[in-house]
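# Summary of the model geometry
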Amino acid sequence: MAPAQETTLQLGHLANEDNIWHKAAMKFAEEVSRLSEGRIAVEVFPNETLGKEMDLIAGMQLGTVDMTITGESLQNWAPKAALLALPYAYTSLEDMDAVASGEIGDEVEQEIIEKAQVRPIAYFARGPRNLTSNRPISSPDDLQGLKMRVPNVPLFLSVWKALGANPTPMAFSEVFTSLQNGTIDAQENPLALIKTASFAEVQSYVNLTEHVRSWIYLVISEQRFQSLSEEDQQAVLEAGQIAQEYERSLFLDDETQLRADLEAAGMEFNEVDTEAFAAAAKDAVLNGVSDDIKPLVEKIFAD
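Residues numbered from 1 in each chain as written. Predicted model: local features only at pLDDT ≥ 70, side-chain atom pairs only at ≥ 80, totals over all residues. Heavy atoms only, no water.

Right, let's get into the packing of helix H10 (residues 274–288) against helix H11 (residues 294–302). Closest axis-to-axis distance for the H10/H11 pair is 9 Å, and the angle between their directions is 160°. Considering the angle they form, H10 stands roughly antiparallel to H11. As H10 packs across H11, the resulting crossing turns out to be right-handed. Across from Lys282, Val285 and Leu286 in H10, the residues of H11 making contact are Lys294, Val297, Glu298 and Phe301. Of the residues contributing to the contact of H10 with H11, the split by class is four nonpolar, no polar and three charged. (Axes fitted to C-alpha atoms, helices over the stretch in contact; angles between N-to-C directions. Helix = DSSP H or I, 4+ residues; strand = E, 2+ residues; numbered from the N terminus. Parallel < 35°, antiparallel > 145°, perpendicular 65-115°, else oblique. Left-handed = near helix turned anticlockwise from the far one by under 90°. Contact = heavy atoms within 4.5 Å. Nonpolar A, V, L, I, M, F, W, Y, C, P; charged D, E, K, R; others polar.)

According to the stated counting rule, one finds one cavity of 30 Å³ or more in the structure shown. Estimated volume of the largest cavity: approximately 40 Å³. In this structure, the largest cavity is lined by Pro87, Phe156, Val159, Trp160, Glu188, His211 and Val212. Looking at the lining of the largest cavity element by element, the count peaks at three residues for helix H5 (residues 154–162). Along the lines of polarity and charge, the residues of the lining of the largest cavity split into five nonpolar, one polar and one charged. (1 Å grid on protein atoms, 1.4 Å probe; cavity = no way out; pocket = protein on both sides within 12 Å on 5 of 7 lines; lining within 4 Å. Points joined across faces, edges and corners; volume = space filled by probe spheres on them.)

All chains considered together, the criterion is met by 19 salt bridges. Glu72 is paired through a salt bridge with Arg126; the nearest N and O atoms lie 2.9 Å apart. On the criterion of sequence distance, the pair formed by Glu72 in the loop between strand S3 (67–70) and helix H3 (93–100) and Arg126 in strand S4 (residues 118–133) is long-range, its members being 54 residues apart. The class of Glu72 is partly exposed, set by a relative accessible area of 24%. For Arg126, a relative accessible area of 25% puts it in the partly exposed group. One salt bridge in this structure joins Glu263 and Arg259, with 3.2 Å as the shortest N-O distance. On the criterion of helical spacing, the pair formed by Glu263 and Arg259 is a turn pair, its members being four residues apart in helix H9 (residues 230–264). For Glu263, a relative accessible area of 37% corresponds to the partly exposed category. (Salt bridge = Lys/Arg side-chain N within 4 Å of Asp/Glu carboxyl O. Buried < 20%, exposed > 50% of the residue type's maximum accessible area, 1.4 Å probe, protein only.)

In terms of nonpolar packing, the biggest core is built from 80 residues, with Phe28 and Leu83 touching the most fellow members. What Phe28 contacts, discounting residues up to four positions off in sequence, is Leu11, Val42, Met67, Ile121, Leu218, Val236, Ala239, Gly240 and Ala243. (Core = buried A, V, L, I, M, F, W, Y, C linked by side-chain atoms within 4.5 Å.)

Glancing now at unusual backbone geometry. Of note in the backbone geometry, Asn47 takes a positive phi value of approximately 55° without being a glycine. If you trace the backbone, Asn47 turns up in the loop between strand S2 (40–45) and helix H2 (53–62). The class for Asn47 is partly exposed, based on a relative accessible area of 35%. Phi at Glu48 takes a positive value of approximately 60°, unusual for a residue other than glycine. Among the secondary structure elements, Glu48 is positioned in the loop between S2 and H2.

The structure is reproduced here in structure tokens:
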């Protein structure tokens with residue numbers, strides 16, 4: 001085994017250098033070095049340069065990859081990870097925080113450690129997903145027959161169908177052209193992606209549906225974590241918490257700025273009847289989740 005002062009952890013993720021996840025990963029690297037008194041160095045690799053998300057998770061299980069940033073993709077190993085992105089389960093950032101940092105969050109993390117063999121050490125909030133369109137959508141009634149793109153997530157498809165829209169799964173790279181040529185009328189994503197994909201050029205409205213609030217984890221390979229001394233494990237966990245707080249402050253500033261940028265690009269923000277959307281979506285969500293997590297989903301809705 002390498003001497004303690006020569007531990008290097010490689011952290012690969014999919015975001016680019018401008019993204020707040022990358023900035024938080026760099027902050028984590030800085031804090032690990034400080035807290036371990038230089039015994040641990042973290043090298044950060046953005047833009048999938050270390051590999052794609054699923055490959056990195058597989059590598060972490062084999063012990064060939066150290067760290068990444070990942071979210072609901074973990075449900076391929078740990079079904080409870082589906083709770084990271086449930087439509088209309090969390091009505092506010094505070095509400096989501098209460099779940100992510102509370103008992104249910106602990107259950108999700110425990111299952112991820114046991115079944116996916118990776119250990120969450122911090123979580124980052126993601127901007128809520130909103131529906132963009134060329135006419136204002138204020139209630140579920142306005143969705144009738146709306147041709148919209150959704151990612152290939154079965155739960156997202158069934159929920160939009162239940163709401164009355166006509167959803168179609170499509171690769172993200174095809175969305176702009178499809179909106180431009182009228183193959184679809186609408187799409188849904190967080191403000192950050194609406195901006196970077198230049199959807200303001202082909203869509204007039206951001207309807208504030210905020211239908212999915214989700215979080216994502218900074219994770220370390222459990223095998224790698226267990227190979228560290230107790231002191232170094234503590235340094236990693238503490239650095240994770242500092243990175244989490246740092247990311248949150250960047251996130252809040254970013255969301256305000258994104259709205260201003262999209263309005264400047266000509267998009268109009270439209271308030272919607274959130275309660276009507278949530279009520280119409282609830283049964284579709286409950287029918288769309290697997291039986292082993294249904295009790296937890298019911299508990300989240302009840303709370």
